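Structure at a glance
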Amino acid sequence: MKPWIVYSMMTLLFWGLWGVFSKLASAYTRPRQTLLFQAVGVLAFAFVVLVLERFEIDRSAAGFGWSFAGGFVNFIGFLAFFAAVQKGKVSTVISLSSLYPVVTIVLSVLFLHEKITRREGLGIALALTAGWLLAG
């Protein structure tokens, strides 16, 4: 099996667990605190990564800037996600929020000049239809 498929399946598993853990957390704490507590978990794993990298960090202003921007908007999304999970069904919230690749695709076409095929366009249309159906 190709390594990217294995990593994709690991992503699927761990993000699926993340959704369930987030719903469980929402029963005990407010969305902003859930975000804060999960950030502590991220920092703990960041330390593991530092150890694996032998505390050697590549210094790249662009790499840091884009990574920082990605992390910043990611955590804004997490905050909105935790608020949605607290008030809605996690199965529906996860399904709708998992349509985020559509935003990535549109922005990639507009700003990175990537192309999408008809087949990919059909997939996007079907994903949006599924989201609409799941939202009820």
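A short tour of the structure in this document, coming up. (Residues numbered from 1 in each chain as written. Predicted model: local features only at pLDDT ≥ 70, side-chain atom pairs only at ≥ 80, totals over all residues. Heavy atoms only, no water.)

**Quick look at the packing of aromatic side chains**
Under the defined criterion, the tally for this structure stands at 9 aromatic pairs. Plain terms: the ring middles of Trp18 and Phe78 are 5.3 Å apart, the flat faces sit at 50° to each other, and that makes the pair tilted. With Trp18 in helix α1 (residues 3–26) and Phe78 in helix α3 (residues 61–87), this pair connects stretches of sequence that are 60 residues apart. For Phe78, a relative accessible area of 17% puts it in the buried group. For the ring pair Phe81 and Phe82, a centre distance of 5.7 Å and an interplane angle of 65° mean the geometry is edge-to-face. Both residues of the pair, Phe81 and Phe82, count as buried. Among the aromatic residues, ring-to-ring pairing joins Trp18, Phe75, Phe78, Phe81 and Phe82 into one connected group. (Phe/Tyr/Trp six-rings, centres within 6.5 Å; stacked < 30°, edge-to-face > 60°. Helix = DSSP H or I, 4+ residues; strand = E, 2+ residues; numbered from the N terminus. Buried < 20%, exposed > 50% of the residue type's maximum accessible area, 1.4 Å probe, protein only.)

**A short note on the layout of surface pockets**
Rolling a probe over the atoms, with the probe sized like a water molecule, indicates the empty space that remains. Approximately 1200 Å³ is the volume attributed to the largest pocket. Elements supplying a minimum of two residues to the lining of the largest pocket: α1, α2 (31–52), α3, α4 (90–97) and α5 (100–111). Ranked by residue count, the leading element in the lining of the largest pocket is α1, at 9 residues. Residues belonging to the lining of the largest pocket are distributed by class as follows: 17 nonpolar, 13 polar and no charged. Each pocket or cavity is described by its volume, and for the second largest pocket that value is around 570 Å³. Val42, Ala46, Phe64, Ser67 and Phe68 are the residues nearest the centre of the second largest pocket, which is lined by 16 residues in total. Only α2 and α3 provide two or more residues apiece to the lining of the second largest pocket. (1 Å grid on protein atoms, 1.4 Å probe; cavity = no way out; pocket = protein on both sides within 12 Å on 5 of 7 lines; lining within 4 Å. Points joined across faces, edges and corners; volume = space filled by probe spheres on them. Nonpolar A, V, L, I, M, F, W, Y, C, P; charged D, E, K, R; others polar.)

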